[in-house]
Amino acid sequence: MAVEIIMPKLGVDMQEGEIIEWKKQVGDTVNEGDILLEINSDKTNMEIEAEDAGVLLKIIRQEGDVVPVTEVIGYIGAEGENVDNIASSEKTSEIPAPNSADAAPTVAPKEDVERPATPVPATAAAPQGDDSSVRATPAARKMAREMGVSLGQVSGTGPKGRVHAEDVENFKNAQPKASPLARKMAEDAGLDLAAVNGSGFNGKVMKEDILAAIEESKPAQAPAAKSAEAEKPKAELPEGVEIIKMSAMRKAISKGMTNSYLTAPSFTLNYDIDMTEMMALRKKLIDPIMEKTGLKVSFTDLIGMAVVKTLMKPEHRYMNASLINDATEIELHKFVNIGIAVGLDDGLIVPVVHNADQMTLADFVVASKDVIKKTQAGKLKAAEMSGSTFSITNLGMFGTKTFNPIINQPNSAILGVGATIPTPTVVNGEIVARPIMAMCLTIDHRLVDGMNGAKFMVDLKNLMENPFGLLI
């Protein structure tokens, strides 16, 4: 039986994905683990692997389409298998539907994401109000709740008996066909769907049909007011001004940074680090690390390992923590996953080095270079950009002295690294030029107080200025 290919939910905040390229075409043989397609999810491109073997029978959504998570985008099955009856309720490029761009189903709430379960036969109805054991699409669950239908009473026509929205509609014959958005709009407006003529495929009621019905139900406006509105000139842009759409990556950054800035009451601690010994250590380590890994150790690698070792001290456990459950509980981590901010031409991504506390310096160099390279190539997997417990952002290579980094939620802190600049410094009573680097630690005050943040920075500063501790 044919198996659905869905737009995966690759992160907690992912709501939709853009199809960049199908790597397989209709009729191609597909093995489990083969790369099916490439998508863009908020901040990065990701390759999606096939979870089943067979033949790619149908492509529902094409390259360039932006698709809500969990929506069906294609089918895999046996050669020659007909899936037209299964796909008839899904948006497909082969069946033109008026206003289809506005008829995409709304994203199901988190609790509606399908959970693996054993299909329930149609003859054995699940108890009313408990449909968790029934295999169904998120749209079908939402529709069943709206119509008061028990999914256990509905015979599913999808793969493995999966209940589709159309199955729920057919079960509730008194209800007309309508897109989820149109149904919700009709409910909010108090419209009877049965009285609305649908312009979609097979008479399906679409968003435009509801808008038209709402407009018809409004009392007639005074001609003068309507005329004034119609004659209102469109605003013209000043010369030299261009309006462009915000990219998906920029939207994700905007949302994340705004949430962090408005949610976390933060403060920043600034420290000067004497990099004399760290620079000497790096010089000694370049050849051995290169011989072992084929990679060049960077100051970011050394700083990352210093942060990891400092975070693993029990007295700094709140620097490596997160607030959960609406900020009512603290999640303490006994491991360190370091996020390293990587700037791209069109945005910022924070790939994660997982379990950095278990790594040697050579291991960390390999792991950090790997995720940074994938980030720059747009090949990060979802797991490689999530789960950080602490983050580092380095603007020193651009000559930035100090700055106030914004916390990468749900971390409790982020360390900003500035430029290393020869600076007059008093050493043993004499003024000498030393390479001084600024470090800026922004902290979530809900988790960490100023004194504890300062203690963390004192320990980190001591390790940075006496870096042979990194090798122990």
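Rules and cut-offs
Residues numbered from 1 in each chain as written. Predicted model: local features only at pLDDT ≥ 70, side-chain atom pairs only at ≥ 80, totals over all residues. Heavy atoms only, no water. Helix = DSSP H or I, 4+ residues; strand = E, 2+ residues; numbered from the N terminus. Buried < 20%, exposed > 50% of the residue type's maximum accessible area, 1.4 Å probe, protein only. Contact = heavy atoms within 4.5 Å. Areas by Shrake-Rupley, 256 points an atom, 1.4 Å probe, with all protein chains shown as cover. Pairing = 2+ DSSP bridges. Phe/Tyr/Trp six-rings, centres within 6.5 Å; stacked < 30°, edge-to-face > 60°. Lys NZ or Arg CZ within 6 Å of the ring centre and 35° of its normal. Axes fitted to C-alpha atoms, helices over the stretch in contact; angles between N-to-C directions. Arc of directions from axis to C-beta. Parallel < 35°, antiparallel > 145°, perpendicular 65-115°, else oblique. Left-handed = near helix turned anticlockwise from the far one by under 90°. Nonpolar A, V, L, I, M, F, W, Y, C, P; charged D, E, K, R; others polar. Core = buried A, V, L, I, M, F, W, Y, C linked by side-chain atoms within 4.5 Å.

(A) Geometry of the overall build of the protein chain. Within the protein chain, the regular secondary structure consists of 11 helices and 18 strands. In the protein chain, which comprises 472 residues, the share counted as buried stands at 41%. In the protein chain, once contacts between residues fewer than 6 apart in sequence are set aside, the share between residues at least 24 apart is 61%. In the structure as shown, the protein chain presents an accessible area of about 25,100 Å², 53% of it carried by carbon and sulfur atoms.

(B) The sheet that holds strand β3 (residues 29-30), seen in detail. Here four strands make up an open sheet; going across it, the order is β1-β8-β6-β3 and the pairing antiparallel. What marks the edges here is a single partner per strand, and that holds for β1 (3-6) and β3. Pairing analysis gives two bridges linking β3 to strand β6 (residues 54-59), with the strands arranged antiparallel. Bridge pairing in β6 places Val30 opposite Gly54.

(C) Focus on the packing of aromatic side chains. Inspection of every chain in the model, using the stated rule, returns one aromatic pair. Centroid distance Phe390 to Phe456: 6.0 Å. Interplanar angle 45 degrees. Geometry classified as tilted. Of this pair, Phe390 sits in strand β16 (residues 390-394) while Phe456 sits in helix α11 (residues 450-465), and the two are 66 residues apart along the sequence. You'll find Phe390 and Phe456 in the same group, each marked buried. One Lys or Arg, Arg282, reaches over the ring of Phe299 and ends 4.8 Å from the middle of that ring.

(D) Looking closely at the sheet that holds strand β2 (residues 16-22). Pairing within the open sheet is antiparallel, and its four strands lie in the order β5-β4-β2-β7. Among the strands making up the open sheet, the edge pair consists of β5 (44-49) and β7 (66-68). Looking at each pair of strands side by side, their axes are set apart by 40 degrees on average, direction ignored.

(E) Main features of the pairing of strand β4 (residues 35-41). In terms of burial, β4 is largely enclosed, as six of its seven residues are buried. For β4 and β5, the ladder comprises six bridges, and the chain directions are antiparallel. Each residue of the ladder has a partner; that of Glu38, found in β5, is Glu47.

(F) Up close: helix α5 (residues 207-217). Buried within α5 we find Asp209, Ile210 and Ala213. Down the axis of α5, the smallest arc covering the buried residues is 100 degrees, so these residues share one side.

(G) Geometry of the packing of helix α9 (residues 299-311) against helix α10 (residues 361-377). It is the contact of α9 with α10, at a shortest axis distance of 10 Å, that shows an interaxial angle of 120 degrees. Classified by the angle between their axes, α9 and α10 sit oblique to one another. The handedness of the crossing between α9 and α10 comes out as right-handed. Side by side, α9 and α10 meet where Thr300, Asp301, Leu302, Gly304 and Met305 of the first sit next to Leu361, Phe364, Val365, Ser368 and Lys369 of the second. Residues belonging to the contact of α9 with α10 are distributed by class as follows: five nonpolar, three polar and two charged.

(H) Geometry of the nonpolar core. Membership of the largest hydrophobic core comes to 52 residues, with the highest contact counts inside it found for Ile338, Phe390 and Met464. When near neighbours in sequence (up to four residues on either side) are disregarded, Ile338 contacts Val307, Val308, Leu311, Pro351, Val352, Val353, Ala356, Phe390 and Ile392.

(I) Representation of the pairing of strand β18 (residues 430-444) in the model. Summarising the sheet, strand β9 (residues 266-274) and β18 pair through nine bridges and their orientation is antiparallel. By the bridge assignment for β18, Asp272 is matched with Ala438. Bridge count between strand β17 (residues 413-427) and β18: 13 bridges; the pairing is antiparallel. Bridged to Thr423 within β18 is Arg434. Turn length for the β17-β18 hairpin, with the two strands adjacent in sequence and antiparallel, is two residues, and the turn residue Asn428 shows positive phi of about 55 degrees.

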